[in-house]
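The lines below spell out each chain.
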Amino acid sequence: MEVQSQILSQDILLDLYKKLLKPRLIEEKMLILIRQGKVSKWFSGMGQEAIAVGVTSILHNDEYILPMHRNLGVFTSRNIPLSRLFSQWQGKPNGFTKGRDRSFHFGTQEFNIVGMISHLGPQLGIADGIALAHKLRKENKITAVFTGEGATSEGDFHEALNVAAVWDLPVMFIIENNGYGLSTPTREQYKCENLADKGIGYGMESHIIDGNNIVEVYTKLHEIAEDMRQNPHPVLIEMKTFRMRGHEEASGTKYIPQELFEEWKIKDPITRFNNYLTEMGILSEEQDAQLKKEIKEEIDTHWKITQDEAGLEANLETELNDVYKPYEYQHFEASTETKNIRFIDAISEGLKQSFERHENLIIMGQDIAEYGGAFKVTEGFVDAFGKERVRNTPICESIIVSSAAGLSINKYKSVVEMQFADFASTGFNPIVNLLAKQHYRWGEHADVVVRMPCGAGSGAGPFHSQTNEAWFTKTPGLKVVYPAFPADAKGLLNTAINDPNPVIFFEHKNLYRSKSQDVPANYYTIPFGQASLIKEGNDVTIISYGAGVHWALDTLTNNPSISADLIDLRTLQPLDYETIRKSVQKTNRVVILQEDSMFGGIASDLSAWIMENCFEYLDAPVKRVASIETPIPFMDNLEAQYLPKERFEKELLVLLQF
Ligand SMILES: Cc1ncc(C[n+]2csc(CCOP(=O)(O)OP(=O)(O)O)c2C)c(N)n1
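So, how was this worked out
- Residues numbered from 1 in each chain as written.
- Predicted model: local features only at pLDDT ≥ 70, side-chain atom pairs only at ≥ 80, totals over all residues.
- Heavy atoms only, no water.
- UniProt positions renumbered as here; feature names shortened; annotations may be inferred.
- Salt bridge = Lys/Arg side-chain N within 4 Å of Asp/Glu carboxyl O.
- Helix = DSSP H or I, 4+ residues; strand = E, 2+ residues; numbered from the N terminus.
- Buried < 20%, exposed > 50% of the residue type's maximum accessible area, 1.4 Å probe, protein only.
- Pairing = 2+ DSSP bridges.
- 1 Å grid on protein atoms, 1.4 Å probe; cavity = no way out; pocket = protein on both sides within 12 Å on 5 of 7 lines; lining within 4 Å.
- Points joined across faces, edges and corners; volume = space filled by probe spheres on them.
- Right-handed = clockwise from strand over helix to strand, strands pointing away.

Per an unreviewed UniProt entry, the recorded name for the protein chain is Dehydrogenase, and the organism is Paenimyroides baculatum. What UniProt records for the protein chain under Function (unreviewed entry) is the sentence "E1 component of the 2-oxoglutarate dehydrogenase (OGDH) complex which catalyzes the decarboxylation of 2-oxoglutarate, the first step in the conversion of 2-oxoglutarate to succinyl-CoA and CO(2)." Note on the protein chain: under the UniProt heading Cofactor (unreviewed entry), the record states "thiamine diphosphate".

Listed below in structure tokens is the structure:
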């Protein structure tokens, strides 16, 4: 400690000491309040404070920091008013999440902090995205992100480090190795000697630091950070430390040998630093007592502010209104000048024109750069927009989606191309838990479009043919778009990119090259939540989307005597209920055609809605027609049997006879 501390001024040393004391004293108070039943859950960071405090102290205030559940010292070192922190924990209005998410699960742009979601790993990818945004703007800023040693076993850890290494992102990855992940000791968590050694595998600089020595943490990180700012690259740091209390207060510590506590108690970062400062004549006993008194007074004053604060009233409207960021749709009229192009060209053109319009838009996906993507949607994009904006990614859907969230936090728009919609399953967690919930949780939008080449018809089997929109329509916070025609695809994609909310954009790959249309040549938009009535009739309402619309059209062509309204939903979230209602009032019969298996799909929900809201107009039960309840097979005849295309005509005729 002595040698390293000589380069630090007394002011810095005392400041670090104060910063260490604050989270410790807050925790001591919290532990009393827990016993009194006034605070519910608590994840202790006692004994680990030097890491949170040290990392935060070497960052500039405008550099993002992404803490985990034991990093109270990050929040206090960024000087968040304590009453706001207390109100957050107590679910009061002056907190950061309007009582919607607890403890440290929040972010704040005001303090450049992005808190975690429970799943731990996505945090690392958000840091990649934030750092990428800094790098693209050529700002010499770094981003620091925390993980426990337990969460290094998650795939996200590997993906995030790999992406940061491949893209030379200035991310400081901090592993707090505190010996246990809940009850699991490190020997049951990983096999290598030091986690820092994993850096070698990623081609990444790495260091081991004594996490209980504030001077070592501060001086080493200070130097590493300066180097990272000058020459952007990621660094992996393993902080050796120990968890001095249970996983959370209710879970106890019986599974931890007592000797370990005794061994680490001697290394307590605050006692150690206090001894050192006293020996060096920098801190007297009176000064120490005075500092503690001041901090305790601050804590008590702020705790009282929180206690006196009125609780939250549950308000239905506020809850529903906060799921999405309010977005005023901007209409750009379609030109009369058109070009006859295929569905795929329309997507490509929309994307290109959006790229010209939004300087802060980037696209990420596998093989999308020089190769042009699996379906060639982005062919020529690298030449037009450069490799910084058109980014080939390693095969790691999860961390690319999390990075997209980070890009959005740091003011970029992004489109993520899934090579096939099926592979969204390996990016599922950050889509449904991170992107979808971010605005509701802490008011931060996620300006991301995930493009999903989907659907059957090419005999591609169970992992390249699914239409998995129902995985996403179920999740509040996502918008889901599913066009059936080239002109709609282009206008809706432009809107999706303008909308600051996360949009899952389905592109049926069997339509890519089979459907052409006169498509307006200019940049135009189409609003979400407006279905398209593409055929009008009186006998029956047919509702569908995607390839189903074309199957319905074929059926009507083969049966010219059927007079039907054909509604193409175009967007599944939001849904255009009014167009449906009007049509049902007129025709009194409804059939809903969906490509996906029946159970839990859009057809079921729409059917229920129609029964509940239009029952008096119905002359027959609402009919759903969908694929059978199996995975999708690859052989032509099996695929044809799976899909509802053939069955649709039969069911339609039965319905008309009802
Ligand atoms: C994906 C996922 N799996 C399991 C959990 C439950 N869980 C929460 S924290 C934790 C232990 C984490 O250990 P570590 O990463 O070492 O951090 P520490 O708590 O020791 O600081 C577990 C298993 C979770 N939150 N998310």
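This is not the end of the story, as more comes after the structure.
Colleague: What is the right way to look at the pattern of salt bridges in this model?
Modeller: Here the idea is simple: oppositely charged side chains can pair when their charged atoms come close. Taken as a whole and judged by the stated rule, the model has 35 salt bridges. The residue Asp322 makes a salt bridge to Lys98 at a minimum N-O spacing of 2.7 Å. Taken together, the residues span a long stretch of sequence, with Asp322 in the loop between helix H13 (316–321) and strand S8 (338–342) and Lys98 in the loop between helix H5 (82–89) and helix H6 (122–136) at a distance of 224 residues. You can call Asp322 buried: its relative accessible area is 15%.

Colleague: Where do I start with the sheet that holds strand S1 (residues 65–66) in this structure?
Modeller: Paired through backbone hydrogen bonds, the strands of a sheet run either parallel or antiparallel to each other. Taken in spatial order, the 5 strands of this open sheet run S1-S2-S3-S7-S6, and their pairing is parallel. Edge positions in the sheet fall to S1 and strand S6 (205–210), since each has one partner strand and no second. Pairing analysis gives 6 bridges linking strand S2 (residues 143–148) to strand S3 (residues 171–177), with the strands arranged parallel. If you follow Ala144 over to S3, its bridge partner there is Met172.

Colleague: So what exactly am I meant to see when it comes to empty space enclosed by the protein here?
Modeller: What the rule picks out here adds up to 4 cavities of 30 Å³ or more. Volume-wise, the largest cavity comes out at about 60 Å³. Considering the residues around the largest cavity, the lining is formed by Met364, Gly365, Gln366, Thr393, Glu397, Ile400, Val416, Glu417, Met418 and Gln419. Among the secondary structure elements, those contributing two or more residues to the lining of the largest cavity are strand S9 (361–365), helix H16 (397–409) and strand S11 (413–417).

Colleague: Looking at this model, I keep getting lost on the pairing of strand S7 (residues 235–240). Mind explaining?
Modeller: Looking along a regular strand, one sees the side chains alternate between the two faces of the sheet. Most of S7 sits out of view: 5 of its 6 residues are buried. Once the chain exits S6 it traverses helix H9 (residues 214–230) before rejoining the sheet at S7, and the crossover so formed is right-handed.

Colleague: In this structure, what is going on with the environment of Phe599? I would like to understand it.
Modeller: Assignment of secondary structure puts Phe599 in the loop between strand S20 (590–597) and helix H22 (602–614). When the C-alpha positions of Phe599 and Ser627 are compared, they lie 9.4 Å apart, and in sequence the two are 28 residues distant.

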